[in-house]
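Listed below are the residues making up each chain.
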Amino acid sequence: MEEHEPLTKALADCYRIERKIGEGGMATVFLAKDLRHQRKVAVKVLKPELAAAVGARRFLAEIETTASLIHPHILPLYDSGEADGFLYFVMPFVRGENLRDRLNREHQFPVGEAVRIVSDLAEALNYAHKSGVVHRDIKPANILMHEGRPLIADFGIHLAVGSAGGARFTEPGIALGTPYYMSPEQATGDQAVGPASDIFALGCMLYEMLVGEPPYVGASTQAVLGKIISGGHISATAQRSTIPPNVDAAIRKALEKVPADRFQSGRGFARALADPNFRHGERDAVPARAWKGVALVAASTAVLLTLALGWALTRPVPQESPLWQQLGFLPDQEILGGFDISADGRFIVYSGPGPTGSDTILWRRGFDNPEATPLPN
């Protein structure tokens, strides 16, 4: 008996299951034919253990919320239901690949194309968030490409599972989110996951599309989540110098640890990506390796200034051109009455407190030596 034969029998009145085309942590995906409309569809079936934990009634009530989402960059929901214990929902079958497939093949996107794709997705998230729907699992595998246009898939399963199951999902293998793209609030188990969590995931995805790997990586899930929660600021430009400053700044804002510090809407993210003047956290924007170049330039400048100052002090100075020099006095040096410069310009004489502090005497000091010596009589 084939693996999907029980499902085939359960859905025989509406769909003819052809073959399995994918599997994730929460659902198995089958290619099927919609018998009523004579079209190819993707049937996603919730894993049995997850279906048992959620419950059919609550799952179907929650997933219907996504049926009202109609946007050019959101994969629509055709149908959902329960049949012989199977919880399923039906979406269009999109020929082509998802972003994960392309990233695995090419590793990096052209900057302009990556920005365009993420801007489209940000607008789609803006629309969904205004409708009160949070995706909770934005990642390259959930972005389908149809004739160059990105489509967000699974805009129902995580809403349904998260709302229906809540904190009950503690069993191994059941996780609301994918580690590399989980926001800090998801990583710490916060149940109040809002739109800012989707913005964080989208920022992670854009960084990976440009750099070739997610912003926070580690040898284990725990290591990745640890970096997401407490890791420092990142810079895409530090890894790829052709990334414009505003794109780097937009990514850094999207990846802020505190949700309130991120973009408050997908549209805000998209606008920042389109604005060449957008900046965020300028003090953190200089890549670590760039400081080596800054230090080198500073050292070279210091050498040049030293040489220039030496030349200025030793060259013959025309009488009509004054030589300006700033003097610093030691903390215990105090000018009381005034000062005068020697005729040859090598030292100054000023009046100040005597060694005992009880009288005023004359002191002499040079331009190149801050130490002063008292003048007798």
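Look up a bit, the structure's there.
Quick caveat, the model's predicted, so the values are computed rather than measured.

The rules behind each value
- Residues numbered from 1 in each chain as written.
- Predicted model: local features only at pLDDT ≥ 70, side-chain atom pairs only at ≥ 80, totals over all residues.
- Heavy atoms only, no water.
- Pairing = 2+ DSSP bridges.
- Helix = DSSP H or I, 4+ residues; strand = E, 2+ residues; numbered from the N terminus.
- Axes fitted to C-alpha atoms, helices over the stretch in contact; angles between N-to-C directions.
- Patch = residues over 30% accessible without salt bridge, like charges linked within 9 Å, V, L, I, M, F, W, Y side chains within 5 Å.
- Areas by Shrake-Rupley, 256 points an atom, 1.4 Å probe, with all protein chains shown as cover.
- Salt bridge = Lys/Arg side-chain N within 4 Å of Asp/Glu carboxyl O.
- Buried < 20%, exposed > 50% of the residue type's maximum accessible area, 1.4 Å probe, protein only.

**Notes on the sheet that holds strand β8 (residues 339–341)**
For step 1, the next point in the chain: Spatially, the 4 strands line up as an open sheet ordered β8-β9-β10-β11, and their pairing is antiparallel. Each end of this open sheet is capped by a strand with a single partner; those strands are β8 and β11 (372–375). Going from strand to strand, the sheet's axes swing by 30 degrees on average, the running direction of each strand aside.
For step 2, the next point in the chain: As paired strands, strand β9 (residues 347–353) and strand β10 (residues 360–366) are joined by 7 bridges and run antiparallel to one another. The residue bridging P353 from the neighbouring strand is T360, located in β10.

**Some words on unusual backbone geometry**
For step 1, the next point in the chain: Here the phi dihedral of D84 falls at roughly 50 degrees; this positive angle occurs in a residue that is not glycine.
For step 2, the next point in the chain: Mapping D84 onto the fold places it in the loop between β4 (79–83) and β5 (86–92).
For step 3, the next point in the chain: Look at E147: it is not a glycine, yet its phi comes out positive at around 55 degrees.
For step 4, the next point in the chain: Note that E147 resides in the loop between β6 (143–146) and β7 (149–152).

**Some points on a nonpolar patch on the surface**
For step 1, the next point in the chain: Taken together, I335, F339 and I341 make up a surface patch of nonpolar side chains, about 290 Å² in accessible area.
For step 2, the next point in the chain: Summarising the element assignment, I341 is placed in strand β8.
For step 3, the next point in the chain: For I341, a relative accessible area of 47% puts it in the partly exposed group.

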